[in-house]
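An overview of the molecular structure
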Amino acid sequence: MSDNVYAVSKIVGTSKTSIEDAIQNAIARASKTLENLDWFEVKETRGLIDKDKVAYYQVCLELGFRYEK
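Residues numbered from 1 in each chain as written. Predicted model: local features only at pLDDT ≥ 70, side-chain atom pairs only at ≥ 80, totals over all residues. Heavy atoms only, no water.

Across its full length, the protein chain carries 1 helix and 3 strands. From first element to last, N terminus to C terminus, the protein chain shows the α and β order β-α-β-β. A compact globule built from 69 residues should have a C-alpha radius of gyration of about 11 Å, whereas the protein chain, at 14 Å, is more than 25% larger. Counting only C-alpha atoms, the protein chain reaches 50 × 20 × 15 Å along its principal axes. The burial tally for the protein chain puts 25% of its 69 residues in the buried class. Within the protein chain, contacts between residues separated by at least 24 positions form 64% of all contacts whose residues are at least 6 apart in sequence. Roughly 5300 Å² of accessible area belongs to the protein chain as shown, and the carbon and sulfur atoms make up 49% of that amount. Between the averaged position of the 10 positive side-chain charges in the protein chain and that of its 11 negative side-chain charges there is a distance of 6 Å. (Helix = DSSP H or I, 4+ residues; strand = E, 2+ residues; numbered from the N terminus. Rg over C-alpha atoms; globule rule 2.2 N^0.38 Å. Buried < 20%, exposed > 50% of the residue type's maximum accessible area, 1.4 Å probe, protein only. Contact = heavy atoms within 4.5 Å. Areas by Shrake-Rupley, 256 points an atom, 1.4 Å probe, with all protein chains shown as cover. Lys, Arg positive; Asp, Glu negative; His and termini not counted. Charge placed at Lys NZ, Arg CZ, Asp CG, Glu CD.)

So, in structure tokens, the structure goes:
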């Protein structure tokens, strides 16, 4: 394994369906502009309530992306 250097970006993903979909949505969108994504960490999980039901799941992530050598 070589020595790598990473930058960390904080983002929030949302989904009407599930926490997992919120994570996938966030990573899919971030991968369009960030290269070398290697890892993620869920920092917070929350949601939006509308009319006594879950309307959206929200997941705060930190994404690690590797600097090119």
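Now that the structure has been shown, we can carry on.
Let us look at the pattern of salt bridges. Inspection of the entire model under this criterion finds 4 salt bridges. A salt bridge links Glu-62 to Lys-10; the shortest N-O distance between them is 3.9 Å. On the criterion of sequence distance, the pair formed by Glu-62 in strand S3 (residues 53-66) and Lys-10 in strand S1 (residues 6-15) is long-range, its members being 52 residues apart. According to the relative accessible area criterion, Glu-62 is buried, its value standing at 14%. (Salt bridge = Lys/Arg side-chain N within 4 Å of Asp/Glu carboxyl O.)

Let us look at the sheet that holds S3. The 3 strands are arranged S1-S3-S2 in an open sheet whose pairing can be described as antiparallel. Of all the strands in the sheet, the pair left with one neighbour each is S1 and strand S2 (37-50). Ignoring which end each strand starts from, the neighbouring axes of this sheet average 15° apart. The sheet contact formed by S2 and S3 spans 12 bridges and is antiparallel. If you follow Gly-47 over to S3, its bridge partner there is Tyr-57. Docked against the sheet, helix H1 (residues 19-30) engages S1, S2 and S3, running at close to 45° with respect to S3. (Pairing = 2+ DSSP bridges. Axes fitted to C-alpha atoms, helices over the stretch in contact; angles between N-to-C directions.)

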